[in-house]
Amino acid sequence: MEKNLTTGNVFKTVLSFSLPYLLSYFLQTLYGMADLFIIGQFNGVESTTAVSIGSQAMHMLTVMIVGLAMGSTILIGRAVGGGKRREASRAIGNTVTLFLLLSVILTVILLLAVKPMISVLSTPAEAVRETVSYLTICFVGIPFITAYNIISSVFRGMGDSKSPMYFIAVACTVNIILDFLFIGIMGLGAVGAALGTTLSQTFSVIISLTVILKQKTGISISAEDLKPDKKTMAELLKIGVPVALQDGFIQISFIVITIFANRRGLNDAAAVGIVEKLIGILFLVPSSMLSTVSALGAQNIGAGKHDRAILVLRYASAIAICWGIAAVLVMVVLAEPFIGLFTKNSSVILLGSQYMRGYVWDCFLAGIHFCFSGYFCAYGMSKISFLHNFLSILCARIPLAYFASNYFPDTLFPMGLATTAGSLLSVLICISVFIWFQKHRKTTVARLYN
């Protein structure tokens, strides 16, 4: 399972590592996409809205768990890059302990908070009952969502991005089969979508644990490694918490925008929900580049190859920018057909295409600041990533979305542009910090690691 990523052609290494990452993200996105697509074929706007709102809440939770797990990927990657196997084992063991406790706490809290959460989200009255059912079932599956992300973070930190892809491929296949069974044949609506998601994730974890136990994966941890180590836990949290908070704030900003849309009516709510799913696919490349830069960067930094880490950043940024340009061109021309895949309602298609044409520009800009965020995280400077995202949300996305919602009641296009403005601010901050960091890298790195 362990793979050294500090030698060889940098561009080829970026591609070989990022492709499985990209496919993993794509398959994970298919979870929500499959739910939304299949329920749209068998049920009405109420059920579609329930699943879109519920899956957005679940997506927020998932990305925060993934963000927290970034600390594990970085620590393990640095240890592997520097040939420090004992440190890698300790990081893996402490990761298991931390996330086991977290999953139990999250499950209890969120099950108690389902109805208040539905109220805060301003869920349309017609969709409240099914949204409650969807979230309740999904929250029961939190331990399995957490377990999958623990396993994935460990594999990726050790240079293996393929195994997590195989695990999520199994889960996605099972999810689609169960969706057709529960939604199409049994007619369970949003409840069926939630059951399919939860049971397929459980199956994926069982498969991944079986592989780890039966094959020689290179993972070797003892009971001692599971005991909380003050220094290791501090490093895990130092890197992971800012990333988790950053991702959480980003999702909160999207949820706030969803609330603005929900208050405009059922069609606006459904349109925003559908576009968020499509944007999730377009953001797969920027997201995979972020994770690639952080994982490859961590190993190279651990090996003392700082210039190679910069090359990783450059190649990943170029790939993300090219993808962003292609996404803009396609969606500006073909927004309606893509929205029409998920609904036959002409009003929802019109509103969704408006929102998409404003929102899609964010894909281009986000590709840039995502890569910078991965670079900063690889050095343990995840606070920078948190800061630029927090400022973009506070100063641009939410206030501009609120303004657009109130002063442009007949179109969702300006609301889509609000997120783009936020990413522009993030890009400017990231470039400025990067320039400063390169001038003071030696002293900054010495301070960070001592």
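Heads up: the structure comes first, above all this text.
Notes on the structure in this doc start here. (Residues numbered from 1 in each chain as written. Predicted model: local features only at pLDDT ≥ 70, side-chain atom pairs only at ≥ 80, totals over all residues. Heavy atoms only, no water.)

## Observations regarding the overall build of the protein chain
Each helix and strand counted, the protein chain has 18 helices and 0 strands in total. In summary, the protein chain has a C-alpha radius of gyration of 21 Å against a globular reference of 22 Å for 450 residues, a match within 12%. On the principal axes, the C-alpha backbone points of the protein chain span a range of 60 × 45 × 35 Å. Counting only residues that meet the buried cut, the protein chain has 58% of its 450 residues in that class. Residue pairs at least 24 apart in sequence account for 83% of intrachain contacts in the protein chain once pairs closer than 6 positions are excluded. Here the protein chain displays about 18000 Å² of accessible surface, and carbon together with sulfur accounts for 70% of that area. Counting 31 positive and 19 negative side-chain charges, the protein chain places the averaged centre of each group 12 Å from the other. (Helix = DSSP H or I, 4+ residues; strand = E, 2+ residues; numbered from the N terminus. Rg over C-alpha atoms; globule rule 2.2 N^0.38 Å. Buried < 20%, exposed > 50% of the residue type's maximum accessible area, 1.4 Å probe, protein only. Contact = heavy atoms within 4.5 Å. Areas by Shrake-Rupley, 256 points an atom, 1.4 Å probe, with all protein chains shown as cover. Lys, Arg positive; Asp, Glu negative; His and termini not counted. Charge placed at Lys NZ, Arg CZ, Asp CG, Glu CD.)

## Here's the deal with the packing of aromatic side chains
Evaluation of the coordinates by the stated rule reveals 14 aromatic pairs. Taken together, the ring pairs in this structure connect Phe372, Tyr375, Phe376, Tyr379, Phe434 and Phe437 into an aromatic cluster. (Phe/Tyr/Trp six-rings, centres within 6.5 Å; stacked < 30°, edge-to-face > 60°.)

## Some thoughts on the packing of helix H13 (residues 306-340) against helix H14 (residues 346-359)
Here H13 crosses H14 at 145°, and the two axes come no closer than 8 Å. Considering only the axes of H13 and H14, their crossing is right-handed. Touching Met331, Val332, Val333, Ala335, Glu336, Ile339 and Gly340 of H13 are Val348, Ile349, Gly352, Ser353, Met356 and Arg357, all from H14. (Axes fitted to C-alpha atoms, helices over the stretch in contact; angles between N-to-C directions. Left-handed = near helix turned anticlockwise from the far one by under 90°.)

## A short note on the environment of Arg397
Position of Arg397 among the secondary structure elements: in helix H16 (residues 382-407). What makes Arg397 buried here is its relative accessible area of 2%. Among all residues touching Arg397, those that are not within four sequence positions of it are Ile250, Ser253, Phe254, His369, Ser392, Ala418, Thr419, Gly422 and Ser423.

## Observations regarding the environment of Ala57
Here Ala57 is to be found in helix H2 (residues 45-81). Among the residues examined, Ala57 registers a relative accessible area of 11% and is labelled buried. Sequence-wise, Ala57 and Met117 are 60 residues apart; in three dimensions their C-alpha atoms are separated by 9.1 Å. Residues within four places of Ala57 in sequence aside, it is in contact with Met117 and Leu135.

## Regarding the pattern of salt bridges
What the rule picks out here adds up to 1 salt bridge. The partner of Glu336 in a salt bridge is Arg357, and the shortest N-O contact between them spans 2.8 Å. Taken as a pair, Glu336 in helix H13 and Arg357 in helix H14 lie far apart in primary sequence, 21 residues in all. Accessibility expressed as a relative area gives 32% for Glu336, which makes it partly exposed. For Arg357, a relative accessible area of 22% corresponds to the partly exposed category. (Salt bridge = Lys/Arg side-chain N within 4 Å of Asp/Glu carboxyl O.)

## Some words on the side chain of Thr107
On the secondary structure map, Thr107 appears in helix H3 (residues 85-112). Accessibility expressed as a relative area gives 13% for Thr107, which makes it buried. Once you skip the residues sitting within four places of it in the chain, Thr107 turns out to touch Phe139, Ile142 and Pro143.

## Overview of the side chain of Asn175
Within the fold, Asn175 resides in helix H7 (residues 162-185). A polar side-chain atom of Asn175 sits 3.1 Å from the main-chain amide nitrogen of Thr197. (Polar contact = N/O pair within 3.5 Å; in protein donor to acceptor, adjacent residues only side chain to side chain.)

## Focus: the nonpolar core
Counting 84 residues, the largest nonpolar core has Met58, Tyr134, Leu135, Leu282, Tyr355 and Met356 as the members making the most contacts within it. Considering each element in turn, this core owes the most residues, 13 residues, to H2. Setting aside residues no more than four positions away along its own chain, Leu282 makes contact with Trp323, Ala327, Met331, Met356, Val360 and Cys363. (Core = buried A, V, L, I, M, F, W, Y, C linked by side-chain atoms within 4.5 Å.)

## A short note on the packing of H3 against helix H6 (residues 142-157)
One can describe the packing of H3 onto H6 by two numbers: an axis separation of 9 Å at closest approach and a directional angle of 160°. If you check the angle between H3 and H6, you find them roughly antiparallel. For H3 against H6, the interelement crossing comes out right-handed. Between H3, through Ile92, Thr95, Val96, Phe99, Ser103, Leu106, Thr107 and Leu110, and H6, the contact on the second element is made entirely by Ile142, Pro143, Thr146, Ile150, Ser153 and Val154. Within the contact of H3 with H6, the residues separate by chemical class into 9 nonpolar, 5 polar and no charged. (Parallel < 35°, antiparallel > 145°, perpendicular 65-115°, else oblique. Nonpolar A, V, L, I, M, F, W, Y, C, P; charged D, E, K, R; others polar.)

## Some thoughts on H16
With 26 residues, H16 should cover 38 Å at 1.5 Å per step; its first-to-last C-alpha distance of 36 Å lies within 8% of that length. Where H16 bends most, the angle comes to about 45°, and this point is Ile393. The complete set of buried residues in H16 reads Ser382, Ser385, His388, Asn389, Ser392, Ile393, Ala396, Arg397, Ala401, Ala404 and Ser405. Buried residues belonging to H16 abut helix H10 (230-262), helix H15 (361-378) and helix H17 (413-439). (Expected span 1.5 Å × (residues − 1). Bend = angle between axes of the 7 residues up to and from the residue.)

## Points about a nonpolar patch on the surface
A surface patch of nonpolar side chains, about 570 Å² in accessible area, is lined by Val330, Val332, Val333, Leu334, Trp361, Phe413 and Leu417. Elements with a contribution of two residues or more to the nonpolar patch: H13 and H17. Take the nonpolar patch: its biggest share by element is 4 residues, from H13. Take Leu334: it is sitting in helix H13. Under the relative-accessibility criterion, Leu334 is labelled partly exposed at 38%. (Patch = residues over 30% accessible without salt bridge, like charges linked within 9 Å, V, L, I, M, F, W, Y side chains within 5 Å.)

## Quick notes on the state of the cysteines
By the definition in use, this model includes 0 disulfides. Of all cysteine sulfurs in the structure, the one in Cys371 sits closest to Cys430, which takes part in no disulfide; the separation is 10 Å. Overall, the relative accessible area of 0% leaves Cys430 in the buried class. (Disulfide = S-S within 2.5 Å.)

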